[in-house]
Amino acid sequence: MNTSKSDNPSADPFDKLIFEGNLRAKHLLLDKPLDIMVIVFNNGSLVRVRLSDYPRLWNASSSALDKWEFTQGGIGIRWEELDEDLSIKGFIKTAALNEALRNLEGR
């Protein structure tokens, strides 16, 4: 995917938010005992998911979880020690899908 801005707007609403709307992750909050991961975006929005939705992160030690960095100016999150990368596009999609499934299951 071309991540540079161009004259051709994207048809993908997630790409529009990220590449045309300049949506970026600004803060990441992790709390393993509460099974929570929250991304705060530069527009003030936030997305909360269960940390257990990401097995590699869930099974990591607290010290390994704390060793993350934003990549590509806030488009992704990297845990070098865990060899784990999350894009904010994938994170938003996963959060929406998991919330919909839980609602349908009545949880």
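Structural data are supplied above this passage.
Residues numbered from 1 in each chain as written. Predicted model: local features only at pLDDT ≥ 70, side-chain atom pairs only at ≥ 80, totals over all residues. Heavy atoms only, no water.

S.K.: Would you take a moment to explain helix α1 (residues 13-20) for this structure?
M.R.: Because each turn of an α-helix spans 3.6 residues, side chains separated by three or four positions end up pointing in the same direction. Regarding α1, the residues found buried are Asp-15, Ile-18 and Phe-19. Buried residues of α1, viewed axially, fall in a sector of 80°; they line one side. Next to the buried residues of α1 lie α4 (88-105). The N-capping residue of α1, defined by a side-chain oxygen 2.6 Å from the backbone nitrogen of Phe-14, is Asp-12. (Buried < 20%, exposed > 50% of the residue type's maximum accessible area, 1.4 Å probe, protein only. Helix = DSSP H or I, 4+ residues; strand = E, 2+ residues; numbered from the N terminus. Arc of directions from axis to C-beta. Contact = heavy atoms within 4.5 Å. Polar contact = N/O pair within 3.5 Å; in protein donor to acceptor, adjacent residues only side chain to side chain.)

S.K.: Please clarify how the pairing of strand β5 (residues 76-79) should be interpreted in this entry.
M.R.: Residues in a regular strand point their side chains to alternate faces of the sheet. On β5, burial covers both faces: Gly-76 and Arg-78 on one face and Ile-77 and Trp-79 on the other are all buried. With 3 bridges joining them, strand β4 (residues 69-71) and β5 adopt antiparallel strand pairing. When the sheet's bridge partners are listed, Glu-69 is paired in β5 with Arg-78. Here β4 folds back onto β5 in antiparallel fashion, the turn holding 4 residues, of which Gln-72 has a positive phi close to 50°. Where β5 meets strand β6 (residues 84-87), 4 bridges bridge the pair, whose relative direction is antiparallel. (Pairing = 2+ DSSP bridges.)

Geometric descriptors of this kind do not, in isolation, establish any biological role.
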